[in-house]
Amino acid sequence: MTRRSRQDTPATVDAFLAGTLFAGGDAELEAALARADAAGLPRIEVSLPQARLLEVLCRTVGARRILEFGTLAGYSTIAMARTLPDDGRLITLEYDPSRAAVARENFERAGLADRIDLRVGAALDTLPLLEAEGAARFDFVFIDADKSNTATYFAWALDRCRPGALLFADNSIRRGLIVEPEPDATSSALRDFQAYLADEPRVSATTIQTVGAKGHDGFTLAVVLDHD
Ligand code: SAH
Ligand code: DHB
Ligand code: MG
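(A) Spotlight on the site of ligand 1. Around ligand 1, 21 residues are found, and the nearest of them are G70, S76, E94, A123 and D144. Here V46 contributes a backbone N or O atom positioned 2.9 Å from an oxygen atom of ligand 1. In the model, a nitrogen atom of ligand 1 is placed 2.9 Å from a nitrogen or oxygen of the A123 main chain. In the complex, 90% of the free accessible area of ligand 1, which totals 580 Å², lies under the protein chains. Those elements giving two or more residues to the shell around ligand 1 turn out to be α4 (75-81) and β2 (89-94).

(B) Representation of the side chain of R119 in the model. Structurally, the position occupied by R119 is in strand β3 (residues 116-120). With residues up to four places along the chain from it excluded, the contact list for R119 reads I91, T92, L93, E94, T126, L130 and E133.

(C) Summary view of the pattern of salt bridges. For the structure on display, the rule yields 19 salt bridges. Between E105 and R109 there is a salt bridge; the shortest N-O distance is 2.7 Å. Separated by 4 residues within a single helix, E105 and R109 lie in helix α5 (residues 97-109), roughly one turn from each other. The shortest N-O distance in the salt bridge between K147 and D144 comes to 2.8 Å. Residue classification places D144 among the buried residues on the basis of a relative accessible area of 13%.

(D) Quick peek at the coordination of the magnesium ion (ligand 3). For the magnesium ion (ligand 3), every protein donor is listed as D144 (OD), D170 (OD) and N171 (OD1), and the spread of their distances is 2.0 to 2.2 Å. Mapped onto the sequence, the residues coordinating the magnesium ion (ligand 3) show the spacing D-x25-D-N. Remark: N171 occurs in the loop between β5 (161-170) and α8 (185-198) and D144 occurs in the loop between β4 (138-143) and α7 (150-158); sequence separation between them is 27 residues. Both residues of the pair, D144 and N171, count as buried.

(E) Spotlight on unusual backbone geometry. The phi dihedral of L72 is positive, around 55°, even though this residue is not glycine. Its place among the elements puts L72 in the loop between β1 (65-69) and α4. Its relative accessible area of 13% is what places L72 among the buried residues. One non-glycine residue, R175, adopts positive backbone phi at about 50°. In this fold, R175 is placed in the loop between β5 and α8.

Cut-offs and rules
Along each chain, residues carry numbers from 1 onward, in the same order as the chain's sequence is written. For this description, chains carry letters from A and ligands carry numbers from 1, given in the order in which they are written. Local features in this predicted model are restricted to residues whose pLDDT is 70 or higher, and side-chain atom pairs enter the listing and the counts only when it is 80 or higher, whereas totals over whole chains, interfaces and linings include all residues. Excluding hydrogens and water, the side-chain values take into account all heavy atoms of the structure. Neighbouring residues are identified by heavy atoms, a residue being near a molecule or strand if any of them is within 4 Å of it. Here a polar contact means two N or O atoms within 3.5 Å. Within protein one must be a hydrogen donor candidate and the other an acceptor candidate, and residues neighboring in sequence count only if both atoms are side-chain atoms. In these tables, accessible area is a Shrake-Rupley quantity obtained with a 1.4 Å probe, and a residue counts as shielded only by the protein chains included in the view. Counting from the N terminus, the helices are the DSSP runs of H or I reaching at least four residues and the strands are the DSSP runs of E reaching at least two. By the convention used here, residues are in contact when the closest approach between their heavy atoms is within 4.5 Å. Salt bridges are counted wherever a side-chain nitrogen of Lys or Arg sits within 4 Å of a carboxyl oxygen of Asp or Glu. Accessibility here uses a 1.4 Å probe with only protein chains present; expressed as a share of the type maximum, an area under 20% marks a residue as buried, one over 50% as exposed, and anything in between as partly exposed. Each metal site is built from N, O and S donor atoms within 2.8 Å (3.2 Å for Na, K and Ca), and since water is not included, such sites may look incomplete.

Structural data, given as structure tokens:
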């Protein structure tokens with residue numbers, strides 16, 4: 001038996017999990033991915049283990065109202081929306097109309113279109129419309145759009161979350177970009193996000209580094225505390 005390469009180990013472990021814990025497959029998510037591939041969309045969706053983490057967390061809080069920033073083809077959206085009760089709703093925001101079209105098709109095929117409200121446009125333009133409509137308070141928020149606005153999206157959503165709600169931000173480490181000695185705009189924004197969280201008394205938050213087939217990254221998870 002050849003010696004394991006340290007560098008390859010995270011991807012090998014992901015492959016092992018794919019053949020054991022996830023051996024039953026995930027027909028809905030695989031179908032969504034196949035249509036994303038056919039449309040030539042980039043492979044930047046969450047991993048299957050992370051999609052399952054989103055599901056676990058949505059079920060843990062008994063989510064009825066979910067907000068997502070960054071739909072792409074709706075892979076993560078489907079993982080969350082299928083945990084909703086019949087009267088539950090997920091609002092998802094996507095900038096790119098061609099990506100939104102693929103996502104809509106995926107929601108139809110997954111039988112989830114009636115629970116998912118997809119809004120096309122830059123999230124900073126869409127949020128005031130949601131506000132004007134009086135969107136109800138959220139139980140779960142998944143932030144996975146343009147990383148430089150993660151803190152802005154977090155702050156907007158936090159004001160509209162119930163105590164006990166969870167906010168989950170993807171890509172908060174970005175191959176260590178967060179500690180880049182010569183930070184670019186995204187790197188600075190990722191740093192500022194952590195500093196912002198440290199000063200936000202309404203949440204208890206943590207950031208966890210991750211490895212796997214998708215490389216070195218991480219996520220931030222926060223729970224909304226009781227507050228006035
Ligand atoms: N959550 C998806 C992946 C999202 S990838 C999944 O895991 O399956 C990030 C998405 O955010 C891209 O599709 C990109 O077009 C979108 N995006 C980028 N900037 C945005 C903005 N300002 N407002 C809304 N969506 C944006
Ligand atoms: C990439 C990964 C992501 O999870 C994402 O939301 C956006 C981009 C990337 O690897 O480029
Ligand atoms: Mg992401």
